[in-house]
Amino acid sequence: MGENYVVEVKNLNKTYGKKKVLDDVSLYVKPNEIVGFIGPNGAGKSTTMKCICNLIYPDSGEIKINGYDLFKNREKALESQAALIENPGLYQDMTGRENINMIAKLRNISKERVKEIYEFTEIGEALDRKVSGYSMGMKQRLGLGIAIMSKPRFIILDEPTSGLDPTGIIHLRNTIQKLIKEEDMSILFSSHQLGEVEKLADRIICINKGKIIETPKSLEQRYRYIFQVNDNDRAYKILTEEIKIGKAEKISTDTIKVELDNQEELDIILQEFIKVKIKILDIHKESIDVEAVYKEVYGDE
Amino acid sequence: MEMNKIIRNEIYKFFKSRKNILIIILFFAYLLGINYYNSKQYDIYMRDTAKFYEGKYKRAGSILASNQLMLEKFEDLSLQKREELEREIKFYSGERLKLILISSVYEEDNPKTYERIVSTQNSRYRDIIKNIEENNIKEEFLNENNFTMDDLHKGIYINQYILDNEIQPIINPYTMTGANSLVRFLDGNNLIIIMIIIALLSMDIYLSEVEEGSYKLSYTQPYKRNQIFFGKVVSIIIISTILVVVGAIFNFAMVSIIHGVGNMNYPFVTTEAINKLAFNNQGQYMILSLVNYVIRGFILLFPILLFTIVLTLGISIITDSSGKTLGFSTMIIGLAFILKNFVSRHSIINLIYPYSYLYIKDVIEVNNNSNYLLGIMLNSIMAIVLFVISYKKFIHKDFLGSRE
């Protein structure tokens, strides 16, 4: 597995009849990374994700999850993974609690963990009502709770915001961000809500007509930070000549833009600045207009 | 992951489904209903059978009168023809008496007189055989009365056994006793309904998850696809077998409590061919007790049940459609009813069509050219073949989803 990836997909191909739905698709997800997967309807996002969960068999290609080949060692590979594909797959005639307990029994989950999941879902007394009576938001929270119950290293979320109201979307976003921090997970998610992709994703992969599109530079590696410091020149010198981390660019007399490879490099920079007593007046992630980039990549599609 | 955990999980999911619970309730309601229907049919059968024999009596009377008239009116008939007519007159005179006696016993419906039917039928069958062998009556007589020489010999054999052993005869198939309820449970038309119910439950164990989308939860868990498949198959086999057995016991208990158990050793006739894999059913006649009949019946039913389960599961995996699965399954099972009523007993279809063996009475009593052991083998082999096809299809299936 290259560079310690949680998920590595290589050269996936899938054809239905005469239509090639996946054409040499390759992607990867690193630990603690949120990757946004975007593309128009029918581009191949769901097909790719279903291949990763082994709901669909590709005609050729390789998928490794946590180092295990999905087709040679399905059980080990899927142990580290959970998925919410389109609408949550729940048993409608069972209560929320019964859905959780059923999977908990199958996966040998401890009672303490199950209780944590009851609380995580924030469904309250409705846990004892049949799922068929739940709102979409409740189903989404229940589905996500069941997904993380086994503490997977990697979660697939296919259109997680579909059907949710604004409150539901905000709640889901906060939950995902919390999961990355507290549960040490990686996430691959697809969404048509480009605003949500912008807010959540560390990196974005574009797909169209079954092919991965070379990601525009503006969408690559989203660890771009704007530092406002009290000693711009000194800070620039440290970044470029001393610790030599990332690509630094002076934007103004007191701001530097730094492009990093990962979260750890940011920690190193912050520690170094503290050590040499450079005051950080402000630091924020550079936001990218995902919508503009989407139009650039896909045009009118 | 342990298989028994997966099987228990499938059984748990099955009983959590409202649809399945409703089907099971309907199954037991059907059993209650059919017993109520049978109890009403008892009197109707007695009445109709009395009229049937009365009709035959009148027809025999017509033939008799016609022959007598010919003898009187046509003086220039040849000697041979005269002798033929006289022999026919003699036969039909005896036949009339026997027919009206049988009719009157059905009409009276006094169990103390049932033995008269048995002894009269025996005498009648012997008479028919003798007169056919002596060419006094033509073989068309058998077709008109819807029996064969073998039926007559078999009838004599079983009737004589009943008379020799002083067994209270059962002259009405709707006789309400616990023992007879087991025989009626194994009646072909009843089993067709039961197989359709089993088909409904079998398709649900796969299709319900596809239709509501819950397959996305189950099939992404860390166990092998073959474990998922085996789990479903084994669980539905367990559920269906228990349902059929409990249904039979429920039926038996209900009828026994109300009407009594009856004679569990009541005799049925078969031939030695029941113990052989044979394409003809030659051999000595032999008697089976009711208990033996019922046990053999359930032994034959089990591979048919397995065949039904894998057939329905297979169609559901291939089509992903409740409508198509139910349609195809019902058509294949229901075809047995059509074949029974429109195809000759001697047709090869009875030998090779799996659901022909649902008419267990015909198989065990060797009333057609099916073979008991072949029925078990045929249904078992077809179940295995369909199992392998369904397995391969499921293992490599792409779940494209979004039907919910």
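Residues numbered from 1 in each chain as written. Chains lettered and ligands numbered in written order. Predicted model: local features only at pLDDT ≥ 70, side-chain atom pairs only at ≥ 80, totals over all residues. Heavy atoms only, no water.

### Observations concerning the domain arrangement of chain A
Residues and elements named next belong to chain A. As far as domains go, chain A holds domain 1 (7-217) and domain 2 (222-285). Between the C-alpha centres of domain 1 and domain 2 the distance comes to 34 Å. The interface is formed by 8 residues belonging to domain 1 together with 5 residues belonging to domain 2. Summing both sides of the interface, domain 1 and domain 2 together bury roughly 460 Å²; the carbon and sulfur share of this comes to 28%. Summed over the shared surface of domain 1 and domain 2, the result is 0 salt bridges. Linking domain 1 to domain 2 there are 0 residue pairs in polar contact (both at pLDDT 80 or more). (Domains from an automatic or database assignment. Contact = heavy atoms within 4.5 Å. Buried area = accessible area lost by both parts, 1.4 Å probe. Salt bridge = Lys/Arg side-chain N within 4 Å of Asp/Glu carboxyl O. Polar contact = N/O pair within 3.5 Å; in protein donor to acceptor, adjacent residues only side chain to side chain.)

### Description of the interface of chain A and chain B
Facing the 32 residues of chain A at the interface are 34 residues of chain B. Joining chain A to chain B, the criterion identifies 4 salt bridges. Viewed at the interface, chain B and chain A are joined by 20 residue pairs in polar contact (both at pLDDT 80 or more). Only strand S1 (7-16), helix H2 (74-79) and helix H3 (96-106) of chain A provide two or more residues apiece to the side of chain A that touches chain B. The element contributing the most residues to the side of chain A that touches chain B is H3(A), with 6 residues. Partitioned by chemical class, the residues of the side of chain A that touches chain B number 14 nonpolar, 7 polar and 11 charged. (Helix = DSSP H or I, 4+ residues; strand = E, 2+ residues; numbered from the N terminus. Nonpolar A, V, L, I, M, F, W, Y, C, P; charged D, E, K, R; others polar.)

### Examining the environment of Asp164(B)
In this structure, Asp164(B) sits in helix H6 (residues 149-164). Put simply, Asp164(B) and Tyr37(B) are 127 residues apart on the chain and 34 Å apart in space, counted from C-alpha to C-alpha.

### Some thoughts on helix H6 (residues 166-182) of chain A
Working note: α-helix, 3.6 residues per turn, so residues spaced by three or four point in the same direction. Helix length check: H6(A) (17 residues) gives 24 Å between terminal C-alpha atoms against 24 Å at 1.5 Å per residue, within 8%. Just downstream of H6(A) lies Asp184(A), where phi reads positive at about 55°. (Expected span 1.5 Å × (residues − 1).)

### A word on a nonpolar patch on the surface
All names here are of chain B. A cluster of nonpolar residues, Leu277, Ile318, Met377, Ile381, Val385 and Ile389, forms a patch on the protein surface that exposes about 540 Å² of accessible area. Looking at the nonpolar patch, the element that brings in the most residues is helix H15 (residues 372-395), giving 4 residues. Structurally, the position occupied by Ile318 is in helix H11 (residues 290-319). (Patch = residues over 30% accessible without salt bridge, like charges linked within 9 Å, V, L, I, M, F, W, Y side chains within 5 Å. Areas by Shrake-Rupley, 256 points an atom, 1.4 Å probe, with all protein chains shown as cover.)

### What about the sheet that holds strand S10 (residues 211-213) of chain A?
Residue and element names in this part refer to chain A. On the basis of which strands lie adjacent, the open sheet formed by 6 strands has the order S6-S7-S8-S3-S9-S10 and mixed pairing. Unpaired on one side and paired on the other, strand S6 (81-85) and S10 mark the two borders of the sheet. For this sheet the average axis-to-axis angle between neighbouring strands, irrespective of direction, equals 20°. Sheet topology places S6 next to strand S7 (residues 154-158); 5 bridges connect them, and they run parallel. When the sheet's bridge partners are listed, Leu84 is paired in S7 with Leu157. Across the sheet, helix H1 (residues 45-52) is in contact with strand S3 (34-38), S6, S7, strand S8 (186-190) and strand S9 (203-208); its angle to S7 comes to roughly 150°. Sheet strands touched by H6: S3, S7 and S8. Its angle to S8, the strand with the most contacts, is close to 155°. (Pairing = 2+ DSSP bridges. Axes fitted to C-alpha atoms, helices over the stretch in contact; angles between N-to-C directions.)

### Side note on the UniProt feature "transmembrane region" (unreviewed entry) in chain B
If you check UniProt for "transmembrane region" (unreviewed entry), the listed places come out as residues 21-38, 191-208, 229-258, 293-318, 330-352 and 372-391 of chain B in our numbering. Strand forms 0% of residues 229-258 of chain B and helix 100%; the C-alpha atoms that close the span are 43 Å apart. (UniProt positions renumbered as here; feature names shortened; annotations may be inferred.)

### Some points on the sheet that holds strand S4 (residues 60-65) of chain A
Residues and elements named next belong to chain A. Taken together, 4 strands build an open sheet; the order of strands is S2-S1-S4-S5 and the sheet is antiparallel. Only two strands of the sheet have a single neighbouring strand rather than two, namely strand S2 (19-29) and strand S5 (68-69). The sheet strands contacting H1 are S1, S2 and S4, and the helix crosses S2 at an angle near 60°.

### Quick look at unusual backbone geometry
The phi angle at Asn66(A) is positive, at roughly 55°, despite the residue not being glycine. Tracing the chain through its elements places Asn66(A) in the loop between S4 and S5. Residue Asn66(A) is classed as partly exposed on the basis of its relative accessible area of 24%. Of note, the phi angle at Asp109(B) is positive, near 55°, even though the residue is not glycine. (Buried < 20%, exposed > 50% of the residue type's maximum accessible area, 1.4 Å probe, protein only.)

### Considering the domain arrangement of chain B
Residue and element names in this part refer to chain B. According to the domain assignment, chain B contains domain 1 (44-164) and domain 2 (177-401). Centre-to-centre separation of domain 1 and domain 2, based on C-alpha positions: 40 Å. The interface of domain 1 with domain 2 comprises 11 residues on the first partner and 12 residues on the second. Buried area between domain 1 and domain 2, both sides added, is near 940 Å², and the carbon and sulfur share of it is 63%. Contact with domain 2 buries surface across domain 1, with Lys154, Tyr157 and Ile158 losing the most and accounting together for 56% of the total. Here domain 1 is connected to domain 2 by 1 salt bridge. Note that Arg345 and Asp151 form a salt bridge whose closest N and O atoms lie 2.7 Å from each other. At the boundary of domain 1 and domain 2, one finds 6 residue pairs in polar contact (both at pLDDT 80 or more).

### Here's the deal with the packing of H11(B) against H15(B)
All names here are of chain B. Contact geometry for H11 and H15: axes closest at 8 Å, N-to-C directions at 25°. In terms of orientation, H11 lies roughly parallel with respect to H15. Crossing hand, H11 versus H15: left-handed. For the pair H11 and H15, contact is made by Arg296, Ile299, Leu300, Pro303, Ile304, Leu306, Phe307, Val310, Leu311, Gly314, Ile317 and Ile318 and by Tyr372, Gly375, Ile376, Asn379, Ser380, Met382, Ala383, Leu386, Phe387, Ser390, Lys393 and Phe394, respectively. (Parallel < 35°, antiparallel > 145°, perpendicular 65-115°, else oblique. Left-handed = near helix turned anticlockwise from the far one by under 90°.)

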